[in-house]
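# A closer look at the structure
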Amino acid sequence: MAVQAQATEHINPYKVALQQYDRAVAYLDLPAGIKAFLRYPKRELSVNFPVRMDNGDIQIFSGYRVHHNTVLGPSKGGIRYAPNVDLDEVRALAMWMTWKCALVNLPYGGAKGGVICDPYKLSQNELERLTRRYAAEISIIISPHSDIPAPDMGTNAQTMAWIMDTYSMTVGYSVPAVVTGKPLNIGGSEGRQEATGRGVIICMDEALRRRGQDDPSKIRLVIQGFGNVGSWAAKHAYDLGYKVIAISDITGGYYNEKGLNIDDVMAHTAKNRHGLLEGYTEADPISNEELLALECDVLAPCATENQITEHNAHNIKASMIVEGANGPTTPEADDILNEKGVLIIPDILANAGGVTVSYFEWVQGLQSFFWDVEEVNRQLRRVLIKAFDEVVNTAEQYHVDMRTAAQITAIKRVGDATRTRGIYP
Ligand code: NAD
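Residues numbered from 1 in each chain as written. Predicted model: local features only at pLDDT ≥ 70, side-chain atom pairs only at ≥ 80, totals over all residues. Heavy atoms only, no water.

## Points about the overall build of the chain
Scanning the chain from terminus to terminus reveals 14 helices and twelve strands. The globule rule puts the C-alpha radius of gyration for 425 residues at 22 Å, and the 20 Å found for the chain is close to it. Its C-alpha atoms put the chain at 55 × 55 × 45 Å along the principal axes. Sequence-distant contacts in the chain: of pairs separated by 6 or more residues, those separated by 24 or more amount to 70%. (Helix = DSSP H or I, 4+ residues; strand = E, 2+ residues; numbered from the N terminus. Rg over C-alpha atoms; globule rule 2.2 N^0.38 Å. Contact = heavy atoms within 4.5 Å.)

## Structural notes on the side chain of N69
Structurally, N69 is set in strand β2 (residues 58–69). Assessed through its relative accessible area of 2%, N69 is described here as buried. Other than its neighbours up to four places away in sequence, N69 contacts F37, L38, S75, T98, G109, G110 and V414. (Buried < 20%, exposed > 50% of the residue type's maximum accessible area, 1.4 Å probe, protein only.)

## Overview of the environment of S146
In this fold, S146 is placed in the loop between α4 (124–138) and β5 (147–151). For S146, a relative accessible area of 29% translates into the label partly exposed. Along the sequence, S146 and Y238 sit 92 residues apart, while their C-alpha atoms lie 38 Å from each other. In this structure, S146 is in contact with P74, S75 and I141, ignoring residues within four places of it in sequence.

## Remarks on the packing of helix α12 (residues 353–367) against helix α13 (residues 373–398)
Any two packed helices are characterised by how steeply their axes cross, that is the angle between the axes, and by the distance between the axes. Put simply, α12 and α13 touch, their axes get as near as 10 Å, and they point 130 degrees apart. In terms of their interaxial angle, α12 and α13 are classed as oblique. For the pair α12 and α13, the crossing hand works out as right-handed. Contacts from G353, T356, V357, F360 and Q364 in α12 reach V376, Q379, L380, V383 and L384 in α13. Here the contact of α12 with α13 is built from residues that sort into six nonpolar, four polar and no charged. (Axes fitted to C-alpha atoms, helices over the stretch in contact; angles between N-to-C directions. Parallel < 35°, antiparallel > 145°, perpendicular 65-115°, else oblique. Left-handed = near helix turned anticlockwise from the far one by under 90°. Nonpolar A, V, L, I, M, F, W, Y, C, P; charged D, E, K, R; others polar.)

## Considerations on the sheet that holds strand β9 (residues 284–286)
Reading across the sheet, the seven strands line up as β9-β8-β7-β6-β10-β11-β12 and stay open at both edges, with mixed pairing between neighbours. Strands at the two margins of the open sheet, each flanked by one partner only, are β9 and β12 (343–345). The average angle at which neighbouring strand axes cross in this sheet is 20 degrees, direction not considered. Here strand β8 (residues 252–255) pairs with β9 via three bridges, running antiparallel. (Pairing = 2+ DSSP bridges.)

## Observations regarding the pairing of strand β3 (residues 75–82)
Taken across its eight residues, β3 has eight buried, putting it largely inside the fold. Sheet analysis places β3 next to strand β4 (residues 109–116), joined by six bridges and oriented parallel. In the strand pairing of β4, R80 is matched with G114. With helix α3 (residues 87–103) bridging β3 and its parallel neighbour β4, the resulting β-α-β unit is right-handed. Of the pairings in the sheet, the one linking β3 to β5 comprises five bridges and is parallel in character. Looking at β5, one finds that K76 is bridged to I148. (Right-handed = clockwise from strand over helix to strand, strands pointing away.)

## Quick notes on the sheet that holds β4
An order of β1-β2-β4-β3-β5 is seen for the five strands of this open sheet, with the pairing classed as mixed. Two strands bound the open sheet, and with one partner strand each, they are β1 (43–52) and β5. Neighbour-to-neighbour, the strand axes of the sheet open up by a mean angle of 25 degrees, direction not taken into account. Bridge analysis of β2 against β4 gives six bridges, and the strand direction is antiparallel. Looking across to β4, one finds that V66 is bridged to K112. Seen against the sheet, α4 touches β1, β2, β3 and β4 and runs at an angle of roughly 140 degrees to β1.

## Comments concerning the confidence of the model for the chain
With 98% of its residues at a pLDDT of 70 or more, the chain shows a mean pLDDT of 97. Confidence drops under pLDDT 50 across residues 1–7; counting only partners more than four residues distant or on other chains, this segment forms 19 contacts. (pLDDT = per-residue confidence, 0-100.)

## Describing the domain arrangement of the chain
Bring the parts together and some accessible area is lost; that lost area is often taken as the interface size. Its domain assignment divides the chain into domain 1 (1–40 + 194–350 + 400–425) and domain 2 (43–186). The straight-line distance from the C-alpha centre of domain 1 to that of domain 2 is 23 Å. Contacts between domain 1 and domain 2 engage 35 residues on the former and 28 residues on the latter. Between domain 1 and domain 2, the buried area comes to about 2,600 Å², and carbon and sulfur atoms account for 64% of it. At the junction of domain 1 with domain 2, the criterion picks out one salt bridge. (Domains from an automatic or database assignment. Buried area = accessible area lost by both parts, 1.4 Å probe. Salt bridge = Lys/Arg side-chain N within 4 Å of Asp/Glu carboxyl O.)

Here it is as structure tokens:
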């Protein structure tokens, strides 16, 4: 696999999450103690555990599960497998989950998990053993009523199936609602796999419509990352008639000014065990930096954190950024882009489609009553458009950008709920 090194800057995502929080919370009239409380993760579990590799060796892996806040309900958030996972990244992602769930009005707090590993280098059997052992290690703090994991970078529906099975084996009965993002045949929801990408495009479409840009064929879209979020965003945009002119993954960028045939691209990635774009020939190769700076209307970063920084924000030509990834833009880059008049639809709104349909999956699982895909997509749209509207209203009320507005809306909800519940004891 010709993996093109992508220079992800060493910026601490937790520092970014706290900077964003400090910016937003300054607008709110909450007691200082509550503002301080919301800044901290509630609970952090670090685990080191052995996994037997295919060659018989035993290797030790490290992982985390962080609960940022549980005021609004059980905590919810994905599990990431990547070589650069660390505790601060998981803390940041857990904090963003708290604001995301609050923003779309789900009865959840925020959590996140991660294991330091390279899923591209592990065999399927090694991945299964690693997942089952990690699930057993974190089973002391997950359950359908306390903390419900889901997929994130490097994990997928199969990972969730192993976690669900491992948890079920330890309690002695099947507990589908302990995870979301499961395969359909063990209690997953219709529409969950594509929900995050679909949500990205629902938000983009709504923002364009409000600007009077309602002809998709005239909109050139660039998508960074072609995993779960990026590929489904591309597919949904393509189906709506948008022109997806460039995509990328860890093997590099792929550009076609006439627009890529996304059905064709997905047929190509489906042939590769890791779903990589490598070898796709109906496009010109470009670098990640070139992709971000392409002449286009909308840029959708759907890969990972810190992709748009003070060093490359000036080069961005898109007039709208819709954040499929969590934390792709640093606060310094936000300032540059806001100054340039680029509209940023922030991660906690733009990628909230995933946790929204995860919530639907959890509700369906607890009730053992399942909805059809039309119902799932209708409810998803309803939830996201309502949140979009609230963010726009908050932005107007406080004269702030959409990220700050989204965070103000979310933090206010969690802060108010904290005051209603009171401080124990
Ligand atoms: P994934 O592992 O399925 O895909 C990640 C993609 O990004 C892959 O195509 C990978 O090759 C590519 N990539 C990684 N680093 C890159 C880089 N530096 N440059 C270009 N491409 C790169 O992960 P995913 O589930 O699609 O998650 C992507 C982002 O979306 C993450 O920030 C995640 O936290 C966020 N997110 C995911 C979900 C979800 O439901 N899966 C929900 C909300 C937010």
